[in-house]
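# Structural features, examined
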Amino acid sequence: MSDWLFDLGNSRFKAACRRPDGGIGEVLAWPHGAEAMASGDDAGQVPLPRGRRAWVASVAATSLTTRVMALLRERFEEVQVARTLAECGGLRVAYPQPQRMGVDRFLALLAARAGGGDVLVAGVGTALTIDLLDADGIHHGGRIAASPTLMRLALQQRAVQLPASGGHYREFADDTEDALASGCDGAAVALVERSLRHARERLGREPALLLHGGGAEALLPLMPAAQLRVALVLEGLAAWAQLHAPDEADGPAPLPSR
C-alpha cells in the first residue's frame, strides 16, 4: 500500500503519492472543505486516495483540519502530521519559537535545502511568503504579505465595481482590469525583487529564486530568472517523511498520529 502526502493550505487541499525514491507523484487537488473531498468518490471528482500512511501538513483553520484528519483516518492505516522544527535535515530555522512559523514555509525551505546553494523561496498562494536560506542551511527569516489574488479580493470587498480577476500586466495600463492586474502582480514582484537585492547584500552573492504555490506561474513571466517549483511544499513533506518514517533505516521515532 502506498504512502501519500497531503498539503492542506489556505485555499486548496493538495495531495501526491510518495514515491519509493523520495520524490512525489502527480499532484491532485480539491477545493477546500471536507464535504467536497468526502463526496469525491460519488460526485465525479478526484477521489480521496487510500493507503498505508498519510503524511499531512496543514495551515488551515483548526475545524477544517480536524474534519480532514478524520477523513484521512478512515482511509489510511496511520496518519502522521508534520510540524515546524528548529532544526531538520540540515535546515536551521531563524524563528526563536519555531512553532510560530507556518509549516508550509518550513517544508518549502526543507525542499529548497535539498537542492543546496543559496536560495530565496517565494510562495504565492493566499499569502505571499518570502524566505532566505543560505548554502549552509541557515534560514535568515522572511516576509509575509497579501498575494495578488488576495489583493484583488480585498479591493473588490471595499469597491464592488472593481473586478476580482482578469486583466493583463502592463507597465502603464489604460484599462481598469489591466491596471488592477499590473498593480497587484507588480506589488508582489517588487517585494520579491527588493528581497533579492537585500539577500545579495546580506550574503555577498546572488541566491537562486524559487517560486511555488498556485499563483506562482502567473508571476513567472515577470521574473524570468526564477525557477518554478509549484509543489515545493509537497516536496518538502516528502523530505520530512524520509526523515521520520518509522520503518526506514536510521529514521527518528514517528510522530504521534493524534
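In the block above lies the structure referred to throughout.
Residues numbered from 1 in each chain as written. Predicted model: local features only at pLDDT ≥ 70, side-chain atom pairs only at ≥ 80, totals over all residues. Heavy atoms only, no water.

### Concerning the pairing of strand β5 (residues 76-81)
- Across 5 bridges, strand β4 (residues 51-58) lies against β5 in parallel orientation. For A54, the partnering residue across the bridge sits in β5 and is V79.
- Traced from β4 through helix α2 (residues 62-75) to β5, the parallel crossover comes out right-handed. (Pairing = 2+ DSSP bridges. Helix = DSSP H or I, 4+ residues; strand = E, 2+ residues; numbered from the N terminus. Right-handed = clockwise from strand over helix to strand, strands pointing away.)

### Section: the packing of aromatic side chains
- Applying the stated criterion across every chain, the model contains 3 aromatic pairs.
- Aromatic pair F6 and F13: ring centres 5.6 Å apart, planes at 10°, arrangement stacked. In this structure, F6 and F13 share a single accessibility class: buried.
- Judged by centre distance (6.2 Å) and plane angle (80°), the ring pair of F106 and W240 falls under edge-to-face. (Phe/Tyr/Trp six-rings, centres within 6.5 Å; stacked < 30°, edge-to-face > 60°. Buried < 20%, exposed > 50% of the residue type's maximum accessible area, 1.4 Å probe, protein only.)

### Details of the nonpolar core
- With 31 residues, the main nonpolar core has L5, F106, L107, L237 and W240 as its most contacted residues.
- Those elements that place two or more of their residues in this core are β4, α3 (103-115), β8 (119-124) and α7 (232-244).
- No other element matches the 8 residues that α3 contributes to this core.
- In this structure L237 touches L5, F6, W55, V56, A57, A82 and L107, once residues within four positions along its chain are discounted. (Core = buried A, V, L, I, M, F, W, Y, C linked by side-chain atoms within 4.5 Å. Contact = heavy atoms within 4.5 Å.)

### Quick word on α7
- Given a rise of 1.5 Å per residue, 13 residues ought to cover 18 Å, and the 18 Å separating the end C-alpha atoms of α7 matches this to within 8%.
- Of the positions making up α7, those classed as buried are L232, V233, L234, G236, L237, A238, W240, A241 and H244. (Expected span 1.5 Å × (residues − 1).)

### A look at the sheet that holds β4
- Spatial strand order, β3-β2-β1-β4-β5: 5 strands in an open sheet with mixed pairing. The open sheet has two edge strands, β3 (28-31) and β5, and neither has a second partner. Here the average twist between neighbouring strands, direction ignored, is 20°.
- One ladder, built from 5 bridges, connects strand β1 (residues 3-8) with strand β2 (residues 12-17); its direction is antiparallel. Bridging from a neighbouring strand, W4 pairs with C17 of β2. (Axes fitted to C-alpha atoms, helices over the stretch in contact; angles between N-to-C directions.)

### Overview of the side chain of D131
- Within the fold, D131 resides in strand β9 (residues 127-133).
- In this structure the side chain of D131 is engaged in a polar contact, spanning 2.8 Å, whose partner is the side chain of H139.
- Ignoring anything within four residues of it in the chain, the contact list for D131 reads M101, R105, L109, V119, L120, V121, H139, G141 and G142. (Polar contact = N/O pair within 3.5 Å; in protein donor to acceptor, adjacent residues only side chain to side chain.)

### What about the packing of α3 against α7?
- As a packed pair, α3 and α7 sit with axes 7 Å apart at the nearest point and diverge in direction by 75°. One finds that α3 runs roughly perpendicular with respect to α7. In contact with D104, F106, L107, A108, L110 and A111 of α3, α7 contributes L232, V233, E235, G236, L237, A239 and W240. (Parallel < 35°, antiparallel > 145°, perpendicular 65-115°, else oblique.)

### Here we look at the packing of helix α4 (residues 148-158) against helix α5 (residues 176-203)
- Where α4 meets α5, the closest approach of the two axes is 9 Å, and the angle between their N-to-C directions is 130°. By the criterion of interaxial angle, the relationship of α4 to α5 is oblique. Handedness of the crossing formed by α4 with α5: right-handed. Within the contact between the two elements, α4 uses P148, M151, R152 and L155 and α5 uses E177, L180, A181, C184, D185, A187 and A188.
- Among the residues forming the contact of α4 with α5, the class breakdown is 8 nonpolar, no polar and 3 charged. (Left-handed = near helix turned anticlockwise from the far one by under 90°. Nonpolar A, V, L, I, M, F, W, Y, C, P; charged D, E, K, R; others polar.)

### Quick notes on the environment of A188
- Looking at the secondary structure, you find A188 in helix α5.
- Exposure remark for A188: the relative accessible area of 1% places this residue in the buried category.
- It is 7.4 Å that separates the C-alpha atoms of A188 and L128, two residues lying 60 residues apart in sequence.
- Contacts of A188, omitting those with residues within four sequence positions, involve L128, P148, M151 and L219.

### Overview of the pattern of salt bridges
- In this structure the tally under the stated criterion is 14 salt bridges.
- D21 is the partner of R19 in a salt bridge, and the nearest nitrogen-oxygen pair spans 3.2 Å.
- The partner of R53 in a salt bridge is E78, and the shortest N-O contact between them spans 3.4 Å. Taken together, the positions of R53 in strand β4 and E78 in strand β5 put the pair 25 residues apart, joining distant regions of the chain.
- Among the residues examined, R53 registers a relative accessible area of 5% and is labelled buried.
- Judged by relative accessible area, which is 24%, E78 ranks as partly exposed.
- Overlapping salt bridges, with partners in common, bring together D3, R18, R52, R53 and E78 in one network. (Salt bridge = Lys/Arg side-chain N within 4 Å of Asp/Glu carboxyl O.)

Purely spatial values, then, with no claim about function.
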